[in-house]
Amino acid sequence: MVRARNLSKRFDTRRIFDKVDIDLDVGGFLLVTGPNGSGKTTLLRVLAGLAAPTGGELELPVRGEIGYLGHEPLVYKQLTPHENLTLFARLYRVPDREQRIRSLLERFALWDVRDKEVATFSRGMQQRLGLGRVLLHEPKLLILDEPFNALDTAGAALLDEELATRSARAVVVATHDPERVEGLATERLGFA
Amino acid sequence: MRYLSDVAALTRKDLLLELRAKETIPAMLLFVLSALTIFHFAIPRGSSDVAALGLLWVAIVFTSLLGLTRAFVPEREQGLMDALVLAPCDRSTIWLGKTIAVIAFLGIAEVVALPAFTLFFSGLTLKTVAAVALADIGIAAVGTLTGAMAVAGRARELIQPLLFLPLSIPVIVGGIGASATAGPKFLLFLALYDTVFVLLSWAAFDFVAAEA
């Protein structure tokens, strides 16, 4: 699913990370830890195909099979949850679009507010919608950058459940709080 | 067919965003009306119609710059280019959807600006209106591409005008030429500009989006 050999990334002369090796298969869970500014986010962006590595070899699933949730929920705040998910469902060619959107909105407790603008939501609700967006097309590789940061207790419990039942996909999570997902990790990568 | 369906979804999104936010079109309308009013009082009485037409084109280009500067604001502020470029659709659909929305915004601004121009200055020929319509296509195509480039850069507010204004010079030349001279030569020039820059922008957007 993900193979990286001697992966490195530099911005001009500044080294972000160097000689990273990753082997991650379906069902695998890579936990990336490290302090702020250590290169976790850059690595995740490289693994999502959003940034090019400056060295090494990288093998990834094709574009539509990756789900990426960064520090922002990556949803349009002037649109409603239903409009956001409809847009991305169309772009990702999700089958049974309406049914899939409804099931995700219900699962993330957003069905009752499906026609309200996202700008009126709390950060936790926006993050839940971001999770709905990233799971919409059932990605084979799920990449989450500090996913628990903005989530409330209920949202975090839903994410725990999603990560625990990941059999059909590989997961990469970067977090400050490794204890929360330590038990799920099959691979670990620490940045100093 | 899928390509067009993706373009329709993205255009609808941009139109909906403007409908909700009501930021870009009111700003463009206010700007173009203010500019025409200032020009009305600034140019001396008895100046030629060609001079007035030149000012119309200046107003159109700077009004479009105002709209183009805001074109990628939602994507830039909320990091949404990441979500769009990860989708398995052709990346040029993002450019085309945005370009169509920009043409719609420009069209709305001009529906108000052109009658205002006839009120302040002189009447407009059908050829000038056709030149404005052709110019809108080129302006939106080039401006949307430079807008996406600006998203990737650090000094975004500076990059957009620095890239767009030199590329819009042929539009002004063609527009004034079409308005002030007989024959279809300058309309054909604008059509050629549109063809070249639509194709270039369409082909280049994939690379620009990868960096944004």
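Residues numbered from 1 in each chain as written. Chains lettered and ligands numbered in written order. Predicted model: local features only at pLDDT ≥ 70, side-chain atom pairs only at ≥ 80, totals over all residues. Heavy atoms only, no water.

Explain the overall build of chain A to me, using residue names and the numbers behind them.
Helix and strand content of chain A: five helices and eight strands. Across chain A, helices and strands are ordered from the amino to the carboxyl terminus as β-β-β-α-β-β-α-α-α-β-α-β-β. Relative to the 2.2 N^0.38 estimate, which gives 16 Å for 192 residues, the radius of gyration of chain A is 17 Å and therefore close to what a compact globule would have. With the C-alpha coordinates of chain A rotated into their principal frame, the extents come out at 45 × 35 × 30 Å. Relative to its 192 residues, chain A shows a buried fraction of 56%. Long-range contacts, defined here as pairs at least 24 residues apart, represent 69% of the contacts in chain A between residues at least 6 apart. Accessible area of chain A: about 8400 Å², with a carbon and sulfur share of 45%. Side-chain charges in chain A split into 27 positive and 27 negative, and the spacing between the mean points of these groups amounts to 4 Å. (Helix = DSSP H or I, 4+ residues; strand = E, 2+ residues; numbered from the N terminus. Rg over C-alpha atoms; globule rule 2.2 N^0.38 Å. Buried < 20%, exposed > 50% of the residue type's maximum accessible area, 1.4 Å probe, protein only. Contact = heavy atoms within 4.5 Å. Areas by Shrake-Rupley, 256 points an atom, 1.4 Å probe, with all protein chains shown as cover. Lys, Arg positive; Asp, Glu negative; His and termini not counted. Charge placed at Lys NZ, Arg CZ, Asp CG, Glu CD.)

Explain the pattern of salt bridges to me, using residue names and the numbers behind them.
A side chain of one charge can pair with a side chain of the opposite charge if their charged atoms are brought near each other. Tallied over the entire structure, the rule returns 21 salt bridges over all chains. The residue Arg102(A) makes a salt bridge to Glu106(A) at a minimum N-O spacing of 2.8 Å. Highlighted residues: Arg102(A) and Glu106(A), both in helix 3 (residues 97–107), separated by four residues, approximately one helical turn. On the basis of relative accessibility, which here comes to 41%, the residue Glu106(A) falls in the partly exposed class. Between Glu75(B) and Lys13(B) there is a salt bridge, and its shortest N-O distance comes to 2.9 Å. Taken together, the residues span a long stretch of sequence, with Glu75(B) in helix 4 (residues 73–77) and Lys13(B) in helix 1 (residues 2–21) at a distance of 62 residues. A single burial state applies to Glu75(B) and to Lys13(B), both of which are buried. One salt-bridge network, held together by shared partners, links Arg3(A), Arg5(A), Asp23(A) and Asp25(A). (Salt bridge = Lys/Arg side-chain N within 4 Å of Asp/Glu carboxyl O.)

Just give me the short version of helix 2 (residues 81–91) of chain A, but keep the residues and values in it.
Residue and element names in this part refer to chain A. Across the eleven residues that make up helix 2, a large majority, ten, are buried. Of the residues making up helix 2, those classed as buried are Pro81, His82, Glu83, Asn84, Leu85, Thr86, Leu87, Phe88, Ala89 and Leu91. Trailing helix 2 by a residue or two, arginine 93 shows a phi angle of about 55°, which is positive.

Kindly report on the UniProt feature "transmembrane region" (unreviewed entry) in chain B, identifying the contributing residues and their values.
Residues and elements named next belong to chain B. Residues given the UniProt feature "transmembrane region" (unreviewed entry) here are residues 25–43, 50–73, 93–117, 129–152, 158–179 and 186–205. In this annotation, residues 50–73 is assigned 96% helix and 0% strand; the end-to-end C-alpha distance for the span is 36 Å. Counted over residues 93–117, helix gives 100% and strand 0%. Its end C-alpha atoms are 35 Å apart. (UniProt positions renumbered as here; feature names shortened; annotations may be inferred.)

Residues and numbers for the layout of surface pockets, please.
Residue and element names in this part refer to chain B. The volume enclosed by the second largest pocket comes to roughly 280 Å³. Lining the second largest pocket are 19 residues, and of these Leu17, Ala21, Glu23, Arg70 and Pro74 sit closest to its centre. Class assignment for the residues of the lining of the second largest pocket results in nine nonpolar, three polar and seven charged. (1 Å grid on protein atoms, 1.4 Å probe; cavity = no way out; pocket = protein on both sides within 12 Å on 5 of 7 lines; lining within 4 Å. Points joined across faces, edges and corners; volume = space filled by probe spheres on them. Nonpolar A, V, L, I, M, F, W, Y, C, P; charged D, E, K, R; others polar.)

Quick one: what's the story with the sheet that holds strand 6 (residues 141–145) of chain A, residue by residue and with numbers?
All names here are of chain A. Pairing within the open sheet is parallel, and its five strands lie in the order 5-6-7-3-8. This sheet does not close on itself; its edge strands, each paired only once, are strand 5 (66–69) and strand 8 (187–190). When the angles between neighbouring strand axes are averaged without regard to direction, this sheet yields 10°. As judged from the four bridges shared by strand 3 (residues 29–33) and strand 8, these two strands associate in the parallel manner. Among the inter-strand pairings, valine 32 is bridged to a residue of strand 8, identified as leucine 189. Helix-sheet contacts for helix 4 (residues 123–135) involve strand 5 and strand 6, and the interaxial angle to strand 5 is about 165°. Helix-sheet contacts for helix 5 (residues 153–164) involve strand 3, strand 6 and strand 7 (170–174), and the interaxial angle to strand 6 is about 145°. (Pairing = 2+ DSSP bridges. Axes fitted to C-alpha atoms, helices over the stretch in contact; angles between N-to-C directions.)

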